[in-house]
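As a plain string of letters, each chain reads:
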Amino acid sequence: MDTGAKLVWPPSEPSETPPPQHTPTRSLVAARQPQGLIHQIEAVWLGSASVALGHANNWTPEPIDAACPRCARSVGPGEFSPDDGRCTGCRPEKLRWERLIRLGEFDDDLRRAVLETKYARWRKQGTLLGRMLGERLVTVLGDAGLDPARAVLVPSPMPWLRRMRRGIDHAHVIARGVAETSGCRIEPLLQRRRGTAQTRVPASARASNIRGQITLRAGVPADTDVLVLVDDVRTTGATLDACCRALAPRGEDAPRIWAAVACAAIEPGRRGRARAGTAERSVSPA
Ligand SMILES: [Zn+2]
């Protein structure tokens, strides 16, 4: 695969991308600037750097109706019913959250952007993803008649030792981006004890793996209408479910629980009809 990246010697100094625009969103997944020798070697050998974000000023999230608003699975024509607010995939499921927002599928540029945020500690990329997610969240909150000032962002928690080892709390970085464009505030209400990472266990074991790992560390603020869990990817939904269990709002005045993720894993045999990506690909579904 031609990544378009070239090894330049001597390596240039890391440089910041220009201050992000709040609008339009199309510039938010920006071309990556030279990041020094390590990233240039990555780009040439692994194809992981410039490939991810080589569509400068042209990347857009998928259309909002490309995914089920409840479970964030990709939906095709007729698969989502406005009558019960469910799709064919989530109709029989009991979900602890009411709404799940995403930018697209865990694929292509979005997949690489998420992985670079998480494993290459590229904070700028995580923040940009969060800003796009925040813009989408504001639209959805407005449609539901909810005030962003009374919405609280709750990052999916990471064990402190893993955060130290990775050097980034990616969910918190994304949440900060969401806060910037949505006006919602962040409250790290949850904590997670050390345990096996979800990525290291098979999908079928993730619910049992995460059980008991996530607990409440602070009370829900009184002036909250909706809690919005923020994470990078929804895979099986087990982590989001565990977060909801820990928050466990009760009573008539308890806040709703929503979630916002950069992307959702593609289920076997399914693919969205309208994909996030460059403008060219957005109008020409694969
Ligand atoms: Zn659904």
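Throughout, a residue's number is its position along its own chain's written sequence, starting from 1. The predicted nature of this model means local features are confined to residues of pLDDT at least 70 and side-chain atom pairs, given and counted, to a pLDDT of 80 or more, with totals for whole chains, interfaces and linings taken over all residues.

Undergrad: Explain the confidence of the model for the chain to me, using residue names and the numbers behind them.
TA: Summarising the model, the chain shows a mean pLDDT of 79, and 72% of its residues fall at 70 or more. Note that residues 40-56 has pLDDT below 50 and, in this model, 43 contacts with residues that lie over four places away or in other chains. The score called pLDDT rates the predictor's confidence residue by residue, from a low of 0 to a high of 100. By the convention adopted here, residues make contact when the C-beta atoms placed from their backbones lie within 7 Å. Note on residues 280-286: pLDDT is under 50 here. Beyond four places in sequence and across chains, it has 9 contacts.

Undergrad: Quick one: what's the story with unusual backbone geometry, residue by residue and with numbers?
TA: Of note in this structure, aspartate 108 is not a glycine but carries a positive phi near 55°. Exposure is read from a count of other C-beta atoms within 10 Å of each residue's own; the residue is exposed at 12 or fewer, buried at 20 or more and partly exposed in between. C-beta atoms are placed from the backbone. In this structure aspartate 108 comes out as partly exposed when scored by C-beta crowding, with 19 C-beta atoms within 10 Å. Of note, the phi angle at arginine 121 is positive, near 55°, even though the residue is not glycine. Structurally, arginine 121 is set in the loop between helix H2 (108-119) and helix H3 (123-143). Starting at the N terminus, helices and strands are each numbered in turn, a helix being any DSSP run of H or I of at least four residues and a strand any DSSP run of E of at least two.

Undergrad: Requested: an account of the packing of H2 against H3, with residues and values cited.
TA: Close contact between H2 and H3 brings their axes to 8 Å; oriented N to C, the two are set at 130°. What the angle tells us is that H2 and H3 run oblique. Where H2 crosses over H3, the two elements pack in a sense that is left-handed. For the pair H2 and H3, contact is made by Ala113, Glu116 and Thr117 and by Gln125, Gly126 and Leu129, respectively. Fitting a line to C-alpha atoms yields each axis, with helices limited to the stretch in contact; the angle taken between N-to-C directions then spans 0 to 180 degrees. Here is the rule for angles: anything less than 35 degrees is roughly parallel, anything more than 145 is roughly antiparallel, 65 through 115 is roughly perpendicular, and the remaining ranges are oblique. Two helices crossing with the near one rotated counterclockwise from the far one by less than a right angle form a left-handed crossing, whereas a clockwise rotation gives a right-handed crossing.

Undergrad: Could you give an account of the nonpolar core, naming the residues involved and the relevant values?
TA: Ranked by size, the top nonpolar core spans 56 residues in total, and within it Leu133, Val228, Leu229, Val230, Ala260 and Ala262 carry the most contacts. For this core, the secondary-structure elements that each account for two or more residues are strand S4 (99-105), H2, H3, strand S5 (151-155), helix H5 (170-182), strand S9 (226-234), helix H7 (238-247) and strand S10 (256-264). Among the elements that make up this core, the one with the highest residue count is S10 (8 residues). Once residues lying within four places of it in the same chain are set aside, the contact partners of alanine 260 are Ile101, Leu133, Leu137, Val178, Val228 and Val230. Throughout this description, the term nonpolar core refers to a group of buried Ala, Val, Leu, Ile, Met, Phe, Trp, Tyr and Cys residues whose C-beta atoms join them within 7 Å.

Undergrad: How would you summarise the sheet that holds S5 if you had to cite specific residues and measurements?
TA: Note: two strands are recorded as paired if DSSP finds a minimum of 2 bridges between them. Sheet architecture is open: 5 strands sit in the order S4-S10-S9-S5-S6, paired in parallel fashion. Where the open sheet ends on each side, the last strands, each with one partner, are S4 and strand S6 (185-186). Relative to S10, S9 is paired through 8 bridges, and the arrangement is parallel. Paired with aspartate 231 across the bridge in S10 is valine 261. Strand contacts of H3: S4, S5, S9 and S10, with the helix running at about 135° to S4, the strand carrying the most contacts. On top of the sheet, H7 reaches S9 and S10; it is set at about 155° to S9, its chief contact.

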